[in-house]
Amino acid sequence: MHLDPTFWALVVGIGGWLRVAPVCGTTAFGLANIVALALLGGPAVAIAGSVVAIVLWTILWLATQEPAGIGWIARRLAYLTPVVVFFAYKAAGDWVGVRAWLSTVEPLNQVHTLLVGLSFSYTALRCVDAAHGVLGKNVPLLDPVGLAGYLFPFHMLLAGPIAAYDQHVKLDGPIEVDWAERLRKSLNDISTGLIFKHVCAEYLRIFLFGFDAPLASRGLIDTAVLFVYLFFDFAGYSRIALGVGTLMGVPTPSNFRAPFAARNITDFFSRWHMSLGGWVQRNIYVPLQLKLVRQFGVRRALWLALATLIVCWLFVGLWHRLSFRFAVYGVTFAVVVWVEKIMIDRRWLRPARAGTLKAWLRRGLGMAYVFIVVTLMLQIVMNELLKP
């Protein structure tokens, strides 16, 4: 998509449209985004996305109304519907039996194909974030067109990132912009992303597998190289999306921040796929941890944190793929992060004075520890992760 001239023509056109549009920013972007989806993915994808937005908007609107019965049901549907559809969508893609059955039921197969075109793994998370914003934080409910622009922004469809709903709503407010600085930052992010994706990642792939061979891991060395490849590939897409969002003026979060410089696993995941981490923190970790602490007391907070982390990481694992290996992957990372939390909270690893040899050694060892642990964890799931 990023090498398609139509994509870049749309980026420039939408950026200009958002400056002169006679309607509020979210609606203006929503209208332009539907056109972009129709041109890039086909009219059916644009129509399917519009239907998803209208259904979610209707549920959220009902959830904000006074009648207790309708509102109560709609509030639960606002969270439950995206989750149920998401797991059905993932099962259709990840489970061989469901996929084989689906291919025999043409209407459902077409629906699944359209959801794939909308990158529904990401769209489902945005649906939940919108519900949490409107119902949990009293953020205004956008109109259906504006909501459509938030749920499936064309420049973020390929590989995220996941913008927060309350940040997207700010597109309707007054925005003071230094146009020269915006252009400079945008071109820097886009060019960096293109180099990451089409130079660094591609050279690594060709070096390891050749021009036409599929990606696969034959051992830890392959997995370690693929770990670096995945960074350049994923961070490249995300950096392009960030630059395009900046150019158009659409809130688009940064997704990576020097993850290989992390000193521990907790630090690593505050730098890797940051928008997914932010989504999990907003929508699962903080609400669940607060609820558990209120119910069982502060004295059990440490053990409750383990339970919350397991729920969060189990979700993250299954979000990538519905499989036993990814469940193990998620739960193991939850335990590692929890152990690190204990060590940090109890200061068993006292920070060394900055600039000393000890500090530099500890930093180097920490970076090596992160790379080794993540590589070992990826070894469990790499071949499943690379499946189409």
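To be clear, the structure that these remarks concern was listed above.
Residues numbered from 1 in each chain as written. Predicted model: local features only at pLDDT ≥ 70, side-chain atom pairs only at ≥ 80, totals over all residues. Heavy atoms only, no water.

Asks: Which residues make up the overall build of the chain, and what values do they have?
Replies: A count of helical and extended segments in the chain gives 16 helices and zero strands. Its C-alpha radius of gyration of 22 Å places the chain within 12% of the 21 Å reference for a compact globule of 388 residues. Overall, the C-alpha framework of the chain stretches about 60 × 55 × 55 Å when taken along its three principal axes. The buried share of the chain, reckoned over its 388 residues, is 47%. A separation of at least 24 residues holds for 72% of the contacts in the chain among residues at least 6 apart in sequence. (Helix = DSSP H or I, 4+ residues; strand = E, 2+ residues; numbered from the N terminus. Rg over C-alpha atoms; globule rule 2.2 N^0.38 Å. Buried < 20%, exposed > 50% of the residue type's maximum accessible area, 1.4 Å probe, protein only. Contact = heavy atoms within 4.5 Å.)

Asks: So what's going on with the side chain of H168? Residues and values would help.
Replies: Mapped onto the secondary structure, H168 falls in helix α9 (residues 165-168). When neighbours within four sequence positions are excluded, H168 is seen to be in contact with T26, F29, L142, G146, G149, Y150, V250 and P251.

Asks: Tell me about the packing of helix α7 (residues 120-136) against helix α13 (residues 274-296), residues and numbers included.
Replies: For any two helices packed against each other, the geometry comes down to the angle between their axes and how far apart the axes lie. Between α7 and α13, whose axes approach to 11 Å, the crossing angle comes to 50°. If you check the angle between α7 and α13, you find them oblique. Pair α7 / α13 crosses with left-handed handedness. Note on element contacts: α13 touches α7 through L276, W279, R282, N283 and P287, opposite L125, V128, D129 and H132. A breakdown of the residues in the contact of α7 with α13 according to their chemical character gives five nonpolar, two polar and two charged. (Axes fitted to C-alpha atoms, helices over the stretch in contact; angles between N-to-C directions. Parallel < 35°, antiparallel > 145°, perpendicular 65-115°, else oblique. Left-handed = near helix turned anticlockwise from the far one by under 90°. Nonpolar A, V, L, I, M, F, W, Y, C, P; charged D, E, K, R; others polar.)

Asks: Describe the packing of aromatic side chains, with residues and values.
Replies: Tallying each qualifying case throughout the model produces 30 aromatic pairs. Judged by centre distance (4.6 Å) and plane angle (70°), the ring pair of F269 and W313 falls under edge-to-face. Taken together, the positions of F269 in the loop between α12 (265-268) and α13 and W313 in helix α14 (residues 301-320) put the pair 44 residues apart, joining distant regions of the chain. Between Y329 and F333 the ring centres are 5.1 Å apart and the planes differ by 90°, which places this aromatic pair in the edge-to-face class. You can see Y329 and its partner F333 sitting in helix α15 (residues 324-345), four residues apart, about one turn around the helix. Taken as a pair, Y329 and F333 share a single burial class, namely buried. (Phe/Tyr/Trp six-rings, centres within 6.5 Å; stacked < 30°, edge-to-face > 60°.)

Asks: Tell me about the pattern of salt bridges, and please be specific about residues and values.
Replies: Counting across every chain of the model gives 12 salt bridges. The partner of D94 in a salt bridge is K90, with the nearest N and O atoms 3.7 Å apart. Of this pair, D94 and K90 both sit in helix α4 (residues 68-94), separated by four residues, roughly a single helical turn. For the residue pair D94 and K90, the accessibility class agrees, reading buried in each case. Linking R239 and D189 is a salt bridge whose minimum nitrogen-to-oxygen distance equals 2.7 Å. Of this pair, R239 sits in helix α11 (residues 220-248) while D189 sits in helix α10 (residues 179-209), and the two are 50 residues apart along the sequence. Under the relative-accessibility criterion, D189 is labelled buried at 3%. A cluster of three or more residues bridged by salt bridges with shared partners is formed by K90, D94 and R321. (Salt bridge = Lys/Arg side-chain N within 4 Å of Asp/Glu carboxyl O.)

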